[in-house]
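Results of the structural survey
The chain contents come next:
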Amino acid sequence: MNAEKTQLILQSFGTFDTNEEDTDGPVKERCKDQREALFGEPRCVNCGRYGEYICDETDDDICSKECKQILLSKIKNDEKPTLKISIAKVPASDECFYVRDDRSSAESLNINQIESLRAKLGISVWGESVPGPILSFSSCNLPKKLEENLENAGYGLPSPIQMQAIPAALLNRNLIISADTGSGKTASFLIPIISRCSHIRLQHLLPSERKPLAMILAPTRELCIQVEDQAKILAKGLPFKTALVVGGDAMASQLHRMQKGVELIIGTPGRLIDLLSKHDIELNEVHMLVLDEVDCMLQRGFRDPVMRIFKALSHPQLLMVSATISHEVEKMANLMTKNLTCVSAGSPNMATNSVKQIVIWIESKIKKKKLFEILTSEKHFKPPMVVFVASRLGADLLSEAITGTTGLKALSIHGEKAMSERREVLRQFLTGEVSILVSTGILGRGIDLLKVRQVIIFDMPTSMKEYVHQVGRASSMGEDGTAIVFINADDKKLFQELFHNLKSVGAAIPRELSNSQYVMGGYSHARQRKKRKFGA
Ligand code: AMP
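The structure reproduced in this document is the subject of the present report. These numbers were taken from a predicted model, which means no experiment stands behind them.

**Notes on the sheet that holds strand S13 (residues 410–413)**
Spatial strand order, S11-S16-S15-S12-S14-S13: 6 strands in an open sheet with parallel pairing. The open sheet is flanked by strand S11 (355–361) and S13, the only strands paired with a single partner. Between one strand axis and the next, the sheet turns through 20° on average, direction left out of account. Alignment of S13 against strand S14 (residues 436–439), held across 4 bridges, turns out to be parallel. Counterpart to Ile-413 in the pairing with S14 is Ser-439.

What follows is the structure, encoded as structure tokens:
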């Protein structure tokens, strides 16, 4: 959902400007005599209008004598009348760094309004006493500097996942955060981290010599670099330093930076374990741990180092984030921590609606020819473009073939290239010097490829999760993009899920796919059922 759509929905919740003046007339008798609340103003706990008065018996915001009577009779009847009361029921064990702004618009929405807002923004929540969504960054008591940085970075309104995840994270909840690719998940954990860490430093809450307070683990170096870049932009001018701990760069300089004192460590699990086992880095003040792309981080390969790091920390707040969360991940998350809250926005686990999927059935030996046709067609080629392939060698060979055949400059990126080369390739691509990037799955996850609005999935990945992430690279913050996907019989393992994914978004489905014997509920099965019914 893009900012304009969000803005429209917010407007329907009374966040528009009006020129209506407050008047100091007699106390309003009837609810209908009261005006709508302006953005940031207190709202009546009963009807949501402007909460001009404070009830002398309950201290709640109310709009009129009528609503006061209703409120008091509800309390008498022992009903659960207001959101305020349920928010106040945050378990005592929750250490709350989030000082609620009295004028916070979320708090002044009543339960019905919160539910309606969530429904409109496609937000779902699961867990106990989940706070309502925020309607603006300014309602969360963030450090002033952070608010300024958000504004300078063009973050006008929080995205739906940020609206729900930020207030929950600021309340110290252990969270699973899932939302479409490119929907602003990174800031949904960075903002609470920066806010809490700066708060601790500014108030000298911990008598430490600047030990790390938070840690983010991510599966690839590129993603770590991107997260660090974003953290630096948002934390500019605050007492908040970061250390990047990834393979490929010299360990000595990473160590030096950490020893000088940082608030946040961002790294890949392997290099972190390496560094932590060789050097004495105190992690006892790490209060927040983020597992970005958590489904990947809890898979075999990453799981052991991740769990080792997790166990080395003293019960940090855990934020687990991805566009694809399986039951497996939920189960593991429940084993790792108690009192999980899940927040999601959009349709996680599905390719984002913002990207049009064009699936082409094509035999392997003519895939290259088809790709060159697309690249040389003015109508179809929309640079900058990423082409996803299955292997490192394939990435190198295909990028050379593209340049050799079409004359277009293409580069490859994969895990076997040195870090410095990967950085340079990405730089050239992001600055527009190169318009085609051929990549293995390393760019599939989490990376915001800025202006990229077209991807080609030349080789289908091995799982639908990876597919969802690769398709998502063609969109950022709800902007429209296109994914051209090559499939053939070699990809039969994914037919079933792909078919349902395409069907659910109304995308065209190649006949070979819908007729395949590997698709339950496809046309071939429908025909077989019909045949059986009529005894044919
Ligand atoms: P992400 O899904 O975290 O990769 O974010 C996608 C892109 O959206 C990044 O370029 C972010 O800088 C940008 N972004 C995140 N949140 C907002 C927001 N609230 N307003 C505008 N841009 C945003």
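Further notes follow.
**Details of the nonpolar core**
Soluble globular proteins: nonpolar side chains tend toward being buried together. By size, the foremost hydrophobic cluster in this structure holds 87 residues, and its most contacted members are Phe-189, Leu-190, Ile-191, Ile-193, Ile-216, Leu-264 and Tyr-467. Element by element, the count of residues in this core is highest for helix H7 (residues 185–202), at 8 residues. Residues in contact with Leu-264, not counting those within four places in the same chain, are Leu-190, Ile-193, Ala-214, Met-215, Ile-216, Ala-231, Phe-240, Lys-241, Thr-242 and Ala-243. Counting residues in each nonpolar core, the second largest holds 35 residues, with Met-215, Val-306, Met-320 and Ile-325 among its members.

**A few points about the pattern of salt bridges**
Opposite charge on two side chains allows them to pair when their charged atoms are near. Taken as a whole and judged by the stated rule, the model has 20 salt bridges. Here Arg-210 makes a salt bridge to Glu-263, at a shortest N to O gap of 2.7 Å. On the criterion of sequence distance, the pair formed by Arg-210 in the loop between H7 and strand S5 (214–217) and Glu-263 in the loop between helix H9 (251–260) and strand S7 (264–267) is long-range, its members being 53 residues apart. Among the charged side chains, a network of salt bridges with common partners joins Arg-201, Arg-210 and Glu-263.

**Remarks on the site of the ligand**
In the region of the ligand, 16 residues are neighbours, and Tyr-155, Gln-162, Gly-184, Thr-186 and Asp-448 sit closest. At 2.8 Å from a nitrogen atom of the ligand is found a main-chain nitrogen or oxygen belonging to Leu-157. Backbone polar atom of Lys-185 to an oxygen atom of the ligand: 3.3 Å apart, as the coordinates give it. Burial of the ligand by the protein chains amounts to 83% of its free accessible area of 490 Å². When grouped by side-chain class, the residues that make up the shell around the ligand number 5 nonpolar, 9 polar and 2 charged. Counting only domains with at least three residues in the shell around the ligand, you end up with domain 2 (106–345) and domain 3 (355–524).

**Let's talk about the packing of aromatic side chains**
For the coordinates displayed, the defined rule picks out 3 aromatic pairs. Between the aromatic rings of Phe-495 and Tyr-518, the centroid separation amounts to 6.4 Å while the plane-to-plane angle is 70°, which identifies the pairing as edge-to-face. With Phe-495 in helix H18 (residues 495–504) and Tyr-518 in the loop between helix H19 (511–514) and helix H20 (523–533), this pair connects stretches of sequence that are 23 residues apart. Residue classification places Tyr-518 among the partly exposed positions, given a relative accessible area of 40%. Within the aromatic cluster, the residues linked to one another by ring pairs are Trp-361, Phe-495 and Tyr-518.

Procedures and definitions
Residues numbered from 1 in each chain as written. Predicted model: local features only at pLDDT ≥ 70, side-chain atom pairs only at ≥ 80, totals over all residues. Heavy atoms only, no water. Pairing = 2+ DSSP bridges. Helix = DSSP H or I, 4+ residues; strand = E, 2+ residues; numbered from the N terminus. Axes fitted to C-alpha atoms, helices over the stretch in contact; angles between N-to-C directions. Core = buried A, V, L, I, M, F, W, Y, C linked by side-chain atoms within 4.5 Å. Buried < 20%, exposed > 50% of the residue type's maximum accessible area, 1.4 Å probe, protein only. Contact = heavy atoms within 4.5 Å. Salt bridge = Lys/Arg side-chain N within 4 Å of Asp/Glu carboxyl O. Near = heavy atom within 4 Å. Polar contact = N/O pair within 3.5 Å; in protein donor to acceptor, adjacent residues only side chain to side chain. Areas by Shrake-Rupley, 256 points an atom, 1.4 Å probe, with all protein chains shown as cover. Nonpolar A, V, L, I, M, F, W, Y, C, P; charged D, E, K, R; others polar. Domains from an automatic or database assignment. Phe/Tyr/Trp six-rings, centres within 6.5 Å; stacked < 30°, edge-to-face > 60°.

No statement about biological role is implied by the geometric values presented.
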